[in-house]
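This is what each chain is made of:
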Amino acid sequence: GSNHEASIQREHSSVEAFDAWNNEEKRTTSPKAQFDKVLPKGWGGEINPFDYSGDKRMCDNFMEHPMTKAAGLKKVEVVVLRLYSGPMFTLYNNATLRKFLPTIEFILKGKKDSKAADSLLTDSDVSTEDLQEAVKHARKELGGAYATTILVLVSAIMKLRKVTPLPKDGKVYRGIAGLSLPKRMLYRDKKGNCGGVDVGFVSTSTDKNVALSYVK
């Protein structure tokens, strides 16, 4: 509704520049520039139908797109999807969501010792009270950056999930460059578990070759 619209616009009012990298391409922009690109005429105008470069029209009207209608997306949800598909993913993920657990771990280390922070991930002996306090301080330290945007983005993805067919084998692929996987992603622990959870939004593809194109 209008409250979400006002909050999202306020969350993208900064003109401070940031760099976003996508497949080795660097883009320097600001939250306000990205908001104005997606909604050139504000909430009462059309959602920009062109790609980031402005050269390719992606569709005639995003609100009339078959997926928009099938999922029952509201305009505010389509807007945040468009914002996420551009450079803003950097601030939503890396500057907000993926900072949350490291911030909690840092607080726990200061409160007790390094083992306390490690136990957050290994299901050991961190007390519920200590964890709740660390979460409270982490939220205060990170602030409410993009809280409404992320809330609406989750809503949009949940709606799209219901109308998006998955491959028969259930596999999707993600290309990762410049990183090495931790051991817990490759080897089972004493409980037989292996893998991990990305606390940010993750872009994947059903086409393995698309994912491999991002691996340099």
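(A) Local environment of the overall build of the chain. Each helix and strand counted, the chain has 10 helices and 2 strands in total. In sequence order, the secondary structure elements of the chain are arranged as α-β-β-α-α-α-α-α-α-α-α-α. Within the span of the chain, comprising 216 residues, buried residues form 30% of the whole. In the chain, once contacts between residues fewer than 6 apart in sequence are set aside, the share between residues at least 24 apart is 63%.

(B) Structural context of the pattern of salt bridges. Counting across every chain of the model gives 6 salt bridges. In this structure, the salt-bridge partner of Lys 69 is Glu 64, at a minimum N-O distance of 3.3 Å. The exposure class of Lys 69 is exposed, given its relative accessible area of 52%. Overall, the relative accessible area of 48% leaves Glu 64 in the partly exposed class. Salt bridges sharing partners connect three or more residues here, namely Glu 46, Arg 57 and Asp 60.

(C) Highlighting the environment of Lys 159. Mapping Lys 159 onto the fold places it in helix α9 (residues 147-163). For Lys 159, a relative accessible area of 23% translates into the label partly exposed. Sequence-wise, Lys 159 and Ala 71 are 88 residues apart; in three dimensions their C-alpha atoms are separated by 5.4 Å. Other than its neighbours up to four places away in sequence, Lys 159 contacts Ala 71, Gly 72, Leu 73, Lys 74 and Glu 77.

(D) Molecular detail of the confidence of the model for the chain. Considering every residue of the chain, the mean pLDDT works out to 82; 88% of them sit at 70 or more. A low-confidence stretch, residues 113-123 (pLDDT under 50), is modelled with 20 contacts involving residues beyond four sequence positions or located in other chains.

(E) Representation of the packing of helix α1 (residues 2-11) against α9 within the structure. Relative to each other, α1 and α9 sit at 125°, their axes nearing to 8 Å. Here α1 is positioned oblique relative to α9, judged by the angle of their axes. Here the hand of the crossing between α1 and α9 comes out left-handed. In this structure, α1 contributes His 4, Ser 7, Ile 8 and Glu 11 to the contact, and α9 contributes Ala 147, Thr 148, Thr 149, Leu 151 and Val 152. For the contact of α1 with α9, a count of residues per class yields 4 nonpolar, 4 polar and 1 charged.

(F) Focus on the packing of aromatic side chains. Per the counting criterion, the structure on display carries 3 aromatic pairs. Ring centres 5.7 Å apart and planes at 65° place the aromatic pair Tyr 84 and Phe 201 in the edge-to-face group. Taken together, the residues Tyr 84 in helix α4 (residues 75-84) and Phe 201 in the loop between α9 and α10 (208-212) connect sequence positions 117 residues apart. Of the two residues, Tyr 84 and Phe 201, neither departs from the other in class, the shared state being buried. Between the aromatic rings of Tyr 92 and Tyr 146, the centroid separation amounts to 5.3 Å while the plane-to-plane angle is 65°, which identifies the pairing as edge-to-face. With Tyr 92 in helix α5 (residues 89-93) and Tyr 146 in the loop between α8 (128-142) and α9, this pair connects stretches of sequence that are 54 residues apart. Comparing Tyr 92 with Tyr 146, the two get one shared label, buried.

The rules behind the values
For every chain, the first residue of its written sequence is number 1, and the numbers climb from 1 along that sequence. Predicted model: local features are reported for residues with pLDDT of at least 70 only, side-chain atom pairs are reported and counted for 80 or more only, and whole-chain, interface and lining totals are derived from all residues. With hydrogens and water excluded, all non-hydrogen atoms of the structure serve as input to the side-chain values. Counting from the N terminus, the helices are DSSP H or I runs at least four residues long and the strands are E runs at least two residues long. Using a 1.4 Å probe on the protein chains alone, a residue whose accessible area is under 20% of its type maximum counts as buried, one over 50% counts as exposed, and one in between counts as partly exposed. Here a residue-residue contact requires only that any non-hydrogen atoms of the pair lie within 4.5 Å. Salt bridge, as applied in this entry: a Lys or Arg side-chain nitrogen positioned within 4 Å of an Asp or Glu carboxyl oxygen. The quantity known as pLDDT measures the predictor's confidence residue by residue, on a range of 0 to 100. Between N-to-C directions, angles span 0 to 180 degrees; the directions come from axes that are lines fitted to C-alpha atoms, helices contributing only their stretch in contact. Roughly parallel means an angle under 35 degrees; roughly antiparallel, over 145; roughly perpendicular, 65 to 115; everything else is oblique. Working rule for handedness: look at the near helix, and if it is turned counterclockwise from the far one by less than a right angle, call the crossing left-handed; if clockwise, right-handed. For this classification, the nonpolar set comprises Ala, Val, Leu, Ile, Met, Phe, Trp, Tyr, Cys and Pro, the charged set comprises Asp, Glu, Lys and Arg, and every other residue, Gly included, is treated as polar. Planes of paired rings set the category: under 30 degrees apart is stacked, over 60 is edge-to-face and the rest tilted, where pairs are Phe, Tyr or Trp rings (Trp by its six-membered ring) whose centres lie within 6.5 Å.

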